[in-house]
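These are the residues of each chain, in order.
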Amino acid sequence: MSEPDPEEIRAQLIDAFEGADYPVSNPMEFLPALPNGPATTFESGDFSMSVMELQNASDGDGDRFPYHGPEEVADDIVEGLQDAGELPAE
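A short tour of the structure in this document, coming up.

Rules behind the numbers
Residues numbered from 1 in each chain as written. Predicted model: local features only at pLDDT ≥ 70, side-chain atom pairs only at ≥ 80, totals over all residues. Heavy atoms only, no water. Helix = DSSP H or I, 4+ residues; strand = E, 2+ residues; numbered from the N terminus. Buried < 20%, exposed > 50% of the residue type's maximum accessible area, 1.4 Å probe, protein only. Areas by Shrake-Rupley, 256 points an atom, 1.4 Å probe, with all protein chains shown as cover. Axes fitted to C-alpha atoms, helices over the stretch in contact; angles between N-to-C directions. Parallel < 35°, antiparallel > 145°, perpendicular 65-115°, else oblique. Left-handed = near helix turned anticlockwise from the far one by under 90°. Contact = heavy atoms within 4.5 Å. Nonpolar A, V, L, I, M, F, W, Y, C, P; charged D, E, K, R; others polar.

### Side note on the overall build of the protein chain
Helix and strand counts for the protein chain stand at 3 helices and 2 strands. Its C-alpha atoms put the protein chain at 35 × 25 × 20 Å along the principal axes. Expressed as a percentage of the 90 residues in the protein chain, the buried residues total 38%. Here the protein chain displays about 5,100 Å² of accessible surface, and carbon together with sulfur accounts for 45% of that area.

### A word on unusual backbone geometry
The step from Y22 to P23 runs through a cis peptide bond, and the omega angle for that step is 0 degrees. Here P23 is to be found in the loop between helix 1 (6-17) and strand 1 (41-44). Following F65, the chain continues into P66 via a peptide bond in cis, with omega recorded as 5 degrees. Mapped onto the fold, P66 is located in the loop between helix 2 (51-57) and helix 3 (70-83).

### A closer look at the packing of helix 1 against helix 3
Helix packing geometry: the angle between the two helix axes and the distance between the axes. Remark: helix 1 packs on helix 3, axes separated minimally by 8 Å, with the N-to-C direction vectors making an angle of 140 degrees. The orientation of helix 1 relative to helix 3 falls into the category oblique. For the pair helix 1 and helix 3, the crossing hand works out as right-handed. Counted together, P6, I9, R10, L13, I14 and F17 of helix 1 and P70, E71, V73, A74, D75, I77, V78 and Q82 of helix 3 form the full contact between these two elements. Residues belonging to the contact of helix 1 with helix 3 are distributed by class as follows: 10 nonpolar, 1 polar and 3 charged.

The following block contains the structure:
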């Protein structure tokens, strides 16, 4: 088994969310920016999740909106996945 790299996932998230029209006030505003819409997948090692799975697994409760840039989004998702045990903590 290959352990996933949180920094690799973070970089993929930043790339995917770069094209969003910031500030973003709800998850649906991200969909047009994603290369494959809701089927966009992020992978590293044995880790693979679609953007929709990421939102559920990282406890995306909406309290963090609005976002003002892709780095904020990526940091929150990676942190949520680490808290949920889906990604190793650094």
